[in-house]
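# Per-entry structural report
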Amino acid sequence: MWRASAIGVVFGALALAGASGAADAASGSTPSPIPLGASRYLESCGGCHGITGTSAKSEIPVLRDQVGRFVCTDEGRAYLVRLPNVAFAAMDDHTLAQAMNYMVFSLGGSSVPKGARPYSPQEVAALRQRPLKATDLASMRSSVLGRALAACQEQGR
Amino acid sequence: MADQKPTLSEKMTRAIARNSSRRSILNRLGATLVGAAAFPLLPVSRVSAQTRPLTDFERNAQSKDPLSCDYWRHCAIDGVICGCCGGGPHTCPPGSQPSPTAWIGTCLNPDDGRAYLISYRDCCGRSICAPTKETCHCTATDRELPIYRPQSNNDIIWCFGDTSMAYHCSTAALIGLAS
């Protein structure tokens, strides 16, 4: 049993980097930087939500192939930015917009409705001025997502 | 009557004029100006060109000994280095499991002066590892925020989502080059 846990645990983090070992190799070529949106997602959100958008499923919402459904409604689209951890993230509007677009459109994958437009820095700037104040975020999330899923169905998603 | 013999200064001026031309002076001046403008483009180390001052950790970081708190990847680790406990930078020691959640930091590599994302994933399910080597117990704080911003604080035990909240040690896996 212990052998499996000791040997089998090579974290998924390395899969993203590709040339990750290069940083320690004196003669290795330098890897390309992770794009800004992905880099800031990883640093500010990826610890809990997971490097690939999924982690502890029973406690933390899965983003991968799921989060795109929120943007089927304007309410759901706004909800994602108005979440306290997003609205108060230590990023300027431009960087936050890129992190949101990576999260929704890259990690969201197949869940993103056709024709959905990316977040602009101006849109993010306006939304984060109105952070959510609900004390029961889980209940609110359920309602917002329910309406978004219904809209996705109507739109043929 | 003025003396018709050339003065010393006149002799020197004439000698310079004979041995140089306006073109050669312009050539040298032009080369100096272009060279000065191009110099900052040369691919030299940019460690000293950081836009922010180095942290205490970054000033003293080394890249040779991964079993020491001052190893560059450990700029934001808070706990015991798993490599000191039978694991590695991205493997858990026998009998412990990696948490599904992690704390992600950004560390400066002293070898190339660039910032890399590092995932500090705790190994859980066993009581805390207690190596005798003092430099295995770390409390680095680079880019950490206060506890009221828990997603950016490394004081908490990042074992949530696992079957056990018992903390054993922390890994420091390299994710990639930060933007």
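Numbers given to residues run from 1 along each chain, matching the order in which its sequence is written. Note on labels: chains are lettered from A, ligands numbered from 1, in written order. At least 70 in pLDDT is required for a residue's local features to be given in this predicted model, at least 80 for side-chain atom pairs to be given and counted, and no such filter applies to totals for whole chains, interfaces and linings, which use all residues. In computing side-chain properties, one takes all heavy atoms of the structure into account and sets aside hydrogens as well as water.

### Overview of the interface of chain B and chain A
- Tallying the contact residues gives 36 residues for chain B and 36 residues for chain A.
- Computed with a 1.4 Å rolling probe, the buried area is the accessible surface lost when two parts are put together, summed over both parts. Buried surface at the junction of chain B and chain A, both sides included, amounts to about 3000 Å², of which 59% is carbon and sulfur.
- Taken as a group, Ile104, Ile175 and Ser179 of chain B account for 19% of the area that chain B buries against chain A, more than any other trio of residues on that side.
- Any carboxyl oxygen of Asp or Glu that lies within 4 Å of a side-chain nitrogen of Lys or Arg is treated as forming a salt bridge with it. At the junction of chain B with chain A, the criterion picks out zero salt bridges. Should any heavy atoms of two residues lie within 4.5 Å, those residues are counted as being in contact.

### Some thoughts on the pattern of salt bridges
All names here are of chain A.
- Using the criterion set out here, one finds eight salt bridges over all chains in the structure.
- Of the charged contacts, one joins Arg40 and Glu43 as a salt bridge, the two residues approaching to 3.3 Å between their closest N and O atoms. Of this pair, Arg40 and Glu43 both sit in helix α3 (residues 36-44), three residues apart, which is roughly one turn of the helix. Neither residue differs from the other here; Arg40 and Glu43 are each classed as buried.
- We note a salt bridge from Arg128 to Asp93, for which the minimum N-O separation is 2.8 Å. Linking Arg128 in the loop between α8 (121-127) and α9 (137-154) with Asp93 in helix α7 (residues 93-107), this pair joins segments that are 35 residues apart in sequence. Runs of E in the DSSP output that reach at least two residues are strands. Runs of H or I that reach at least four are helices, and both are numbered from the N terminus. Each residue gets one of three labels from its accessible area relative to the maximum for its type: buried under 20%, exposed over 50%, partly exposed in between, using a 1.4 Å probe on protein chains only.

### Brief notes about the nonpolar core
- Among buried residues, those of type Ala, Val, Leu, Ile, Met, Phe, Trp, Tyr and Cys that are joined through side-chain atoms within 4.5 Å constitute a nonpolar core. Residues Trp72, Ile118 and Tyr120 of chain B are the most contacted members of the largest nonpolar core, which totals 35 residues.
- Elements with a minimum of two residues in this core: β3 (103-109), β4 (114-120), β5 (122-124), β7 (167-170) and β8 (173-177) of chain B.
- Counting 34 residues, the second-largest nonpolar core is a separate cluster that includes Ile51, Ala78, Met91 and Val144 of chain A.

### Comments concerning the packing of aromatic side chains
- Only Phe, Tyr and Trp rings are paired, with Trp represented by its six-membered ring, and only when their centres lie within 6.5 Å; those with planes under 30 degrees apart are stacked, over 60 edge-to-face, the remainder tilted. Enumeration over the complete set of coordinates arrives at six aromatic pairs over all chains.
- In textbook terms, an aromatic cluster arises when at least three aromatic residues are bridged by ring pairs, as seen for Tyr71, Trp72 and Tyr116 of chain B.
- Note on criteria: charge over ring means Lys NZ or Arg CZ within 6 Å of the ring centre, with the direction from the centre no more than 35 degrees off the ring normal. Just above the ring of Tyr119 of chain A sits the side chain of Arg77 of chain A; from NZ or CZ to the centre is 4.4 Å.

### Some points on the sheet that holds β8 of chain B
Residue and element names in this part refer to chain B.
- At least two DSSP bridges between two strands are needed for those strands to be called paired. Sheet architecture is open: three strands sit in the order β3-β4-β8, paired in antiparallel fashion. The two strands at the open ends of the sheet, each matched to only one other strand, are β3 and β8. With strand direction ignored, the average angle separating the axes of adjacent strands in the sheet is 35 degrees.
- Bridge analysis of β4 against β8 gives four bridges, and the strand direction is antiparallel. Looking at β8, one finds that Tyr116 is bridged to Leu177. For helices, the axis comes from a line fit to the C-alpha atoms of the stretch in contact; other axes are also lines fit to C-alpha atoms, and the angle between any two N-to-C directions lies between 0 and 180 degrees.

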